[in-house]
Structures are given as structure tokens and as C-alpha cells.
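# Examining the three-dimensional arrangement
So the chains spell out like this:
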Protein chains: 2
Amino acid sequence: MSETEVLVRQKAQAAHDAAVRMGILTSGVKNKALLAMADALLDHSEAILKANEEDMLKAQNNGMKSSMQDRLRLTPSRIESMAEGLRLVAQLKDPVGEVIGGSTLSNGLSITKVRVPIGVVGIIYEARPNVTADAIGLCLKSGNTVVLKGGSEALRSNQTIAEILSEAAQKEGIPSGAIQFIDVTDRQAVTDLIHMNGLVDVVIPRGSARLIQAVVQNATVPVIETGAGVCHTFVDESANCEMARQIAFNAKVQRPSVCNAMETLLVHEKIADAFLPQMIEEFIEAGVTLFGCEKTCQFDPRIQLASSEDWATEYGDLRLSVKIVRDIDEALAHIARFSTRHSECIVTENMNNARRFQSEVDAAVVYVNASTRFTDGFEFGFGAEIGISTQKLHARGPMALPELTSYKYLVTGNGQIRG
Amino acid sequence: MSETEVLVRQKAQAAHDAAVRMGILTSGVKNKALLAMADALLDHSEAILKANEEDMLKAQNNGMKSSMQDRLRLTPSRIESMAEGLRLVAQLKDPVGEVIGGSTLSNGLSITKVRVPIGVVGIIYEARPNVTADAIGLCLKSGNTVVLKGGSEALRSNQTIAEILSEAAQKEGIPSGAIQFIDVTDRQAVTDLIHMNGLVDVVIPRGSARLIQAVVQNATVPVIETGAGVCHTFVDESANCEMARQIAFNAKVQRPSVCNAMETLLVHEKIADAFLPQMIEEFIEAGVTLFGCEKTCQFDPRIQLASSEDWATEYGDLRLSVKIVRDIDEALAHIARFSTRHSECIVTENMNNARRFQSEVDAAVVYVNASTRFTDGFEFGFGAEIGISTQKLHARGPMALPELTSYKYLVTGNGQIRG
């Protein structure tokens, strides 16, 4: 066993050993701890900023891209946001102990299906240090212990935040061991963590498609895939053109770097003449680079011909592919082929097409006449978000506290035996 | 790509392509198909028996154990049972389309959380041909398509059953492609199937611990682990001795080969004198071989000293390990260490101990004063069972139709965009 594996196993074991006591803490204790943790972040903001400076200096010396540097950078107001996040989690309803089903059998056995924590949650993430505080807050509130493996670029920042939060939590009665931070840069640590069957109950990767796929492909512990978003908006023949333009513009331009932004616009051929010219102007004016099918390219010389790869690409920036389709069938077939099952939208005034689209599209969230940008735990009113699942097992779409729980059956009798 | 992989990919692709149409079938169509499939099994029972005879002959020539031969053997009454199973599934409530949540946001967006099929379910199983019919029935009723890989010993039986059911289903409007049977004995087919990410949505292994662990350790598609059961019964100081003996006897003896049978009996030291002597007599009289801790061995010379391995063993037969513990803490610690998180029981008249046991034991089903043998989809009133999950993600404990579904969010607006 390598030194790194020994360390990871030690931390996973500590989290595992703390899980039972963590799981039975009352909401009162957990909420008080979360508030104290928020205070501790602010009280120690100088130490956090100093640690972050070290990370930033190293990043600059290593020639990190400025967009990445921006993700890594902490400021007093970003620390204030982290603290505020923990306070908001304290206010959310505790999912643990919720009775979600049950019955009394004819033999008198009473069955109660009750929410319980998952146990030990592993979080594997990249450069953003705020994930450290977010993930710790959500895991603790849902009664889980947590093992964190952050990006090596943010090691000092993450380590400092985790230490401060862990110390504050323990003072308020959170079991020591509940918060584990893997403080090595060795990439082997990720591989070790995703093989800790029996100690780690689930791993949630957050970050680039490459990171997520590496975890999905190699993990033996269960994984919740928070995947890429190749999101489509289909403007149907009957769409209100003005509404369609607003929705498509918002879905592409409002924040192009996120997974719920639109990557492909599908346009019914019978509405293309009425819809596309102004839409194209608006996009180009906003700095969007357009890649179109052959028919789309005829609308404007500034549109480049899309390659077959474009339809499958999550641009994550101000690029957009546009395709004119014969009908809703072709739109559905295109989406079925290229969708990553994240968020898909139809703009239509036709009841049957709306119903059919929502029924047949296989995605976490299927919109009629609204921007795909709403796929988000906060927008959905969940009060929090640990990620957006693009798999169909366990949880789908925005995940908040209930999605960090499992359940168990409590069965109580007075001597029942099976005949 | 090997020939086997080409074949498996072809079948997974066919199941994937049929999934959308399968997912939107009405209950009426599905139920009619299930009844027709039941009829078809009976109509073609001669062909099934003939195919089974071929498998049995081969098994006998290969020197298969008689207990395995019994699992493999089909009779007219076993075929009748399979048909009856399909008819019962037709009567169960269709989980697809059930609205399980939702809200209207302040911006007017309406969100509906609705159950949908998982998509493509892979089932990997061993010698029992009845699993073929059971799995097909449950997957179809829950709107899923299914890819089956059965044990090579039962190839001809499974193949014949799958063909008969597939043909009958198609006649009633089930999409062709919805039922896929991998008709090769090459073990590589299992490896291929559990790597069909993008085509197969979940794999459920059913069978020996070895099979299940091989799937869990190697799959890249999500897996639902239907694991082993090292189930404990703890007889607390305050237990009603007569009730405790009945529960423990039932949990061990009524059907020792199944996963919800008891493997270890824990006895509070203060009740051991009153409880154990008669219990030991009853077990030995029933043919149970006892392995005890040192204290237990002092009760009877016929008890063998347990090795450290015994506490972790799922015997699956008439062997039982017995340990005397100081108190509930030692019982809880023993269970935490050796439990496979399946089913655990306390026999007690003490309210606080009952409550504490149910709260602190991490298992799918936690019993007070009832036999662990009740962990079963039919006993729980679910009307069916595709397996018993021992993992905490997605589903835990007995799984029936709702556990074969996912959900999606349908969001409907009138032009909402994100600010």
C-alpha cells in the first residue's frame, strides 16, 4: 500500500467511524455548528486570505490561465459569501428523520420508511475553494460525514478553510472525524478515494468533464455523475418569435460558461424566415460565434458551417450551433442523439407538441417556453445545490439536501415470524 | 472489438433505441401484453420443458451439484408460477407518470417532478430460469427495456423463455427491441455489458456474492448491488425469552439459504442463562451446527469454538454463530463491524434500547421483535421484487416497480428568462 493510500484510507476510516454519531445528531446541534462555522470563517479570514495568496502566487508562477486564476482567488467578500452560504444551510429543513412512507401489514408488523444520511460522502473537485465550505455545510446538515479532495492548485486555501470549519464544528459537538480533507497533491489520492468500498458510500465529482469521466470510468464506489450539458432549444413552427428570441438569447448569453446554457438552437424550417434573421443579428451583436447547418448558413455569411463535432460539443462560451429541422420529429431525433440529458427546451404554442416534447425527451429537466438557465437548486427553490446530476440513478437534476440522503425501513412487531 | 462485444453492443443499442417508445406506453398496453405473455408461456410450455431438458442433461453430464440442478429444473408447475407472476405484475400499479413533487415558482414557472422509467436495465443472473420471466415482467411494467445475461448453464431455457415472451409482447404493441437476451456463453459478455455507458442505464446483478462483487468492482455503468446478508439477531437483557427463541429459530431455520436468514445470534450476558440452554437444544434438534464464542461454548459441549472468520460469514445453510455480549453497546459495535447492512434485529422489551437500535444500526431494514425473514418485496406488500439492495444509493432494501424508475422535472412557463 502506497503512503498516499495509507493516508486516504486513514481519513476514509475516520469519516466512516464518525458516521453513526453524525447521523443521529439533532438539527439543533447541526444548525448551531453551522452558524459557528460561518463565524469562524469570518474570524479567520486573514488566515484564509494569506493561504489563498500562496496558492495564487504559485498559480501565477505556473502560468495559470486568468479565468482559472479568477476561480481560485478569494476576497473578503467571497469569504463573506461562503459564511452566508453556511448560514442559509442552517435555515434549511433537515431531511434526516423525515418519514417518507410506511404501512402496517396484515400480521401487525408496522413498517416505517425513514430518511437517513448516506453515510460518508466523497467530494472530488477542482480549483474553486468555495466548494470546500459549500460541500462541508451541505454534507453536515444532511447528517453525512465528508472526505474532500480538492484541486492541488487550491491546496493551501482548501486546507485552511477545512481546518477552520472542522475546529469550529467540533467545538459545537460535531464528531471529530466528520470532516476529512486529503491534504496531498498526489493524483493517486483520487484513485484511492474512489476505491474505498465499505468506507465511502458515494463519490460526487465536481468540475471538468475530464475529471468527471475519470471518476465515472474508474470508481468502484457508487458515483453521482454531475455531467456536461449539451442543452438544446427547439423553436417550433408555432412559437411566438419574440418569446423564442428572448429565451434563446438568455439561454446562450446570460452566462455561457455554465452547464445549463444552450449549445444548440434547433429551428423548425417553417418559422426560420420569420425567426432567424433578427435572432442572428442579436447573437452576433452580443459576440456570439455561430456555426450552422447548410440551410442556416444561407441566412448570413458570418455563420460558419458546423462540423459534425459541433453538435456534440459543450462550448461553455459564446459559441452556438444552429440547425434548421423539418419538424418536431427531426428535432427529437437530434436531441436524442446529442443530448447529455441535462436540460432541453421547446418554444411552442402547440399543446400537443409541448406535451410530446416533455414526454419523449430524456433529460433531467424538460422546459416548455422557458430558458434552460433555470436548472439550478436555488432557482428550483431547494435552497442549496451540491451539483446537477445527469444520471438517472438515485438523483436527477439539481441536488440539494434530500438528494444527500438514503432511507431505511424500521420494522416493529411483537414476535412476528414468517410462516 | 471482439465478436462478443459487437453482439452485446448491438443488443444494448437495440434496447436503447426502443427505450423512448417503451417509456411512453400506457398501462393499458403494458398490462395487456403481460397477460398475453403469461398465456404464451403456458401455450409453449412444451418447448420450454424441452429446452430445459437439454440444459439439465448437460448439467448432469458436467456433474452439477444437485442443489444447483434443482434451481435449474423447470416443471409444468414452475412454468405456471412464472405465468402467474406475470399476471400479478399486470395488476400492480404502474409507477410511470406518478407525480412525486412539484411547485410553482414566484416567477410563475410550474415545476412537476414525475416518475419516468430508468431506460435500459441490464440484468445479470445465474442458474434460475424463472428470473428471465420475472425480470422481463417487472422491467416492462415499469416502462424499461431490458438486456438479460443469464448463466450459461441455463442458456437454452432462458433463450426459449425470452423468445416466447418477446414475440408475445411485440404482438401486443411492445416495441421490438425492448427485450434483449444475450445468447452466448462467453463470459466476456458480462464484462462488455457492464461497460455500455450511454446505452445501458443500470445493471442489477442477481446471484452469488462472487458474481455481484465482480460486477460492482468492474462496472462503469451504475450498479444496484443486491448483496449478501450477514444478518444478526440481538437478544437484549429485557427480551421475552419465549418470543426471542421463536424469532431466532424462524430467522435461522425457516429457510436458511436466503439472504435475510440469520447468521449470527448475539445474546446479552444477563439473559444468557435463561435464554440459551433451551435455544441451543432447539437449534441442535433442528440440525443447526453452532459456532460460539468462548462463553457460549461453556453452555454445551456440542458447540464448536467460532473462528474470527465465522462472524463475517454468510453461511447460507444450517450453521449459526453465537456470541454473548456485555451490553447493547457491544452488540451495536459487533453489528457495525460485521453487518452487510441487509437486515438486523433486536428482541427487547426496553423502549430506549429498541429506539437506539433502530436509530444506530446502519442497515436496509432494522427490526424490533420480528424475524429478519420478512425482508422481502412480497412480505412488505410491494407485490413484486427485483432484488434486495444493500447499497444506500438509489434504492435500499426490497426493490419493486418504483425502484425501477427515475424521475424528471417538467418545467412549463410563458417566456421566463433568468435575470
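Residues numbered from 1 in each chain as written. Chains lettered and ligands numbered in written order. Predicted model: local features only at pLDDT ≥ 70, side-chain atom pairs only at ≥ 80, totals over all residues. Heavy atoms only, no water.

By the naming in an unreviewed UniProt entry, chain A is Gamma-glutamyl phosphate reductase, taken from Candidatus Aphodousia faecigallinarum. Listed in UniProt under the heading Sequence similarities (unreviewed entry), the comment for chain A reads: "Belongs to the gamma-glutamyl phosphate reductase family." Regarding chain A, the relevant UniProt record gives this comment under Pathway (unreviewed entry): "Amino-acid biosynthesis; L-proline biosynthesis; L-glutamate 5-semialdehyde from L-glutamate: step 2/2." (UniProt positions renumbered as here; feature names shortened; annotations may be inferred.)

We now examine the overall build of chain A. Along its length, chain A carries 14 helices and 16 strands. On C-alpha atoms alone, chain A measures out to a radius of gyration of 24 Å, which is about the 22 Å that the 2.2 N^0.38 rule sets for 419 residues. C-alpha extents for chain A along the principal axes are approximately 70 × 70 × 40 Å. The buried share among the 419 residues of chain A stands at 59%. (Helix = DSSP H or I, 4+ residues; strand = E, 2+ residues; numbered from the N terminus. Rg over C-alpha atoms; globule rule 2.2 N^0.38 Å. Buried < 20%, exposed > 50% of the residue type's maximum accessible area, 1.4 Å probe, protein only.)

With that settled, consider the side chain of A:Glu263. Residues and elements named next belong to chain A. Relative to the helices and strands, Glu-263 resides in strand E8 (residues 262-268). A residue is classified by how much of its surface remains accessible, and Glu-263, at 0% relative accessible area, is buried. A distance of 3.1 Å separates a polar atom in the side chain of Glu-263 from a polar atom in the side chain of Lys-252. Ignoring any residue separated from it by four or fewer positions in sequence, one finds Glu-263 in contact with Gly-229, Val-230, Cys-231, Lys-252, Thr-313, Glu-314, Tyr-315, Gly-316, Arg-319, Leu-320 and Ser-321. (Polar contact = N/O pair within 3.5 Å; in protein donor to acceptor, adjacent residues only side chain to side chain. Contact = heavy atoms within 4.5 Å.)

What follows deals with the packing of aromatic side chains. The geometry of two aromatic rings is summed up by the distance between their centres and the angle between their planes. Using the criterion set out here, one finds 12 aromatic pairs over all chains in the structure. Ring centres of A:Phe382 and B:Tyr409 lie 6.2 Å apart, and the angle between their planes is 50 degrees; on these two criteria the pair is classed as tilted. Note that A:Phe382 is positioned in the loop between strand E13 (365-370) and strand E14 (387-389) and B:Tyr409 in strand E16 (residues 405-416), a pairing that runs across two chains. Looking at A:Phe382, the relative accessible area reads 26%, which means it is partly exposed. The buried category is assigned to B:Tyr409, whose relative accessible area is 3%. A connected cluster of aromatic rings, assembled from ring pairs, spans A:Phe380, A:Phe382, B:Tyr407 and B:Tyr409. In this structure, B:Lys323 is placed above the aromatic ring of B:Trp311, and the distance from its NZ or CZ to the ring centre is 5.6 Å. (Phe/Tyr/Trp six-rings, centres within 6.5 Å; stacked < 30°, edge-to-face > 60°. Lys NZ or Arg CZ within 6 Å of the ring centre and 35° of its normal.)

This paragraph deals with the environment of B:Lys93. Residues and elements named next belong to chain B. Within the secondary structure, Lys-93 is located in the loop between helix H5 (76-91) and strand E1 (99-104). Considered as a pair, Lys-93 and Leu-401 are 308 residues apart in the sequence and their alpha carbons are 8.5 Å apart. With residues up to four places along the chain from it excluded, the contact list for Lys-93 reads Glu-98, Lys-141 and Leu-401.

Think of a sheet as strands paired side by side through backbone hydrogen bonds, with each pair either parallel or antiparallel. Residue and element names in this part refer to chain B. Read from one edge to the other, the open sheet built from four strands follows the order E5-E4-E3-E6, with strand pairing classed as parallel. This sheet does not close on itself; its edge strands, each paired only once, are strand E5 (179-181) and strand E6 (202-206). Ignoring strand direction, the axes of neighbouring strands in this sheet form an average angle of 20 degrees. Summarising the sheet, strand E3 (residues 120-125) and strand E4 (residues 145-149) pair through five bridges and their orientation is parallel. Looking at the pairing, Val-120 lines up with Thr-145 of E4. This element, helix H7 (residues 155-171), spans E3 and E5 of the sheet and lies at about 160 degrees to E5. Across the sheet, helix H9 (residues 209-218) is in contact with E3 and E6; its angle to E6 comes to roughly 160 degrees. (Pairing = 2+ DSSP bridges. Axes fitted to C-alpha atoms, helices over the stretch in contact; angles between N-to-C directions.)

Turning next to the pairing of E16(B). Taken residue by residue, a regular strand's side chains alternate between the two faces of the sheet. Taking burial as the measure, the 12 residues of E16(B) include 10 buried ones, the bulk of the element. The sheet contact formed by E13(A) and E16(B) spans five bridges and is parallel. Of the residues in E16(B), the one forming a bridge with A:Val366 is B:Leu410. The sheet contact formed by strand E2 (residues 110-117) of chain B and E16(B) spans eight bridges and is antiparallel. By the bridge assignment, B:Lys113 is partnered in E16(B) with B:Tyr409.

Quick look at unusual backbone geometry now. All names here are of chain A. We note that Asn-369 has phi near 55 degrees; this positive angle belongs to a residue other than glycine. Secondary-structure assignment places Asn-369 in strand E13. With a relative accessible area of 7%, Asn-369 lands in the buried category.

A separate point is helix H14 (residues 351-360) of chain B. Taken residue by residue, H14(B) has B:Asn353, B:Ala354, B:Phe357 and B:Gln358 as its buried positions. Buried residues in H14(B), looked at end-on, bunch into an arc of 130 degrees, giving them a common side. Looking at H14(B), the residues exposed on the side facing more than 90 degrees away from the buried face are B:Met351, B:Asn352 and B:Arg355. Among the structural elements, strand E16 (405-416) of chain A together with strand E7 (231-235), helix H13 (328-338), strand E12 (343-347) and strand E13 (365-370) of chain B are those in contact with the buried residues of H14(B). (Arc of directions from axis to C-beta.)

Here the focus is the state of the cysteines. Throughout the structure, instances matching the rule amount to zero disulfides over all chains. In this model A:Cys345 remains outside any disulfide bridge; the closest cysteine sulfur is found in A:Cys231, 10 Å from its own. Judged by its relative accessible area of 0%, A:Cys345 falls in the buried class. Free cysteine: B:Cys139, not disulfide-bonded; nearest cysteine sulfur from B:Cys259 at 19 Å. (Disulfide = S-S within 2.5 Å.)

Attention shifts here to the relation of the copies chain B and chain A. Take chain B, turn it by 180 degrees, move it 0.0 Å along the axis, and it overlays chain A with an RMSD of 0.0 Å. What the rotation and shift describe, once combined, is the action of a two-fold rotation axis. It is B:His394 whose C-alpha, among those of chain B, lies nearest the rotation axis, at 1.8 Å. A share of 100% of interface residues in chain B that are also interface residues in chain A marks the association as one of identical surfaces. (Least-squares fit on C-alpha atoms with pLDDT ≥ 70 in both.)

On the chain A side, the residues contacting the 69 residues of chain B number 69 residues. Buried surface at the junction of chain B and chain A, summed over both partners, amounts to about 5,800 Å²; 52% is from carbon and sulfur atoms. Our count for the contact surface shared by chain B and chain A stands at six salt bridges. Measuring nitrogen to oxygen at the nearest pair gives 3.6 Å for the salt bridge that ties A:Asp201 to B:Lys392. Linking chain B to chain A there are 41 residue pairs in polar contact (both at pLDDT 80 or more). If you list the elements that add at least two residues to the side of chain B that touches chain A, you get helix H1 (3-23), E2, H9, helix H10 (241-253), H14, E13 and E16 of chain B. At 11 residues, E16(B) tops the list of elements feeding residues into the side of chain B that touches chain A. Here the side of chain B that touches chain A is composed, by residue class, of 34 nonpolar, 23 polar and 12 charged. (Buried area = accessible area lost by both parts, 1.4 Å probe. Salt bridge = Lys/Arg side-chain N within 4 Å of Asp/Glu carboxyl O. Nonpolar A, V, L, I, M, F, W, Y, C, P; charged D, E, K, R; others polar.)

A few words on the UniProt feature "domain: Aldehyde dehydrogenase" (unreviewed entry) in chain A. The UniProt entry lists residues 8-283 of chain A under the feature "domain: Aldehyde dehydrogenase" (unreviewed entry), expressed in the numbering used here. Strand forms 16% of residues 8-283 of chain A and helix 52%; the C-alpha atoms that close the span are 48 Å apart.

Residues and elements named next belong to chain A. Close contact between helix H2 (residues 27-43) and helix H6 (residues 130-141) brings their axes to 10 Å; oriented N to C, the two are set at 165 degrees. The orientation of H2 relative to H6 falls into the category roughly antiparallel. Viewed along their axes, H2 and H6 form a crossing whose handedness is right-handed. Contacts from Lys-30, Asn-31, Leu-34, Met-37 and Leu-41 in H2 reach Ala-133, Ile-136, Gly-137, Leu-140 and Lys-141 in H6. (Parallel < 35°, antiparallel > 145°, perpendicular 65-115°, else oblique. Left-handed = near helix turned anticlockwise from the far one by under 90°.)

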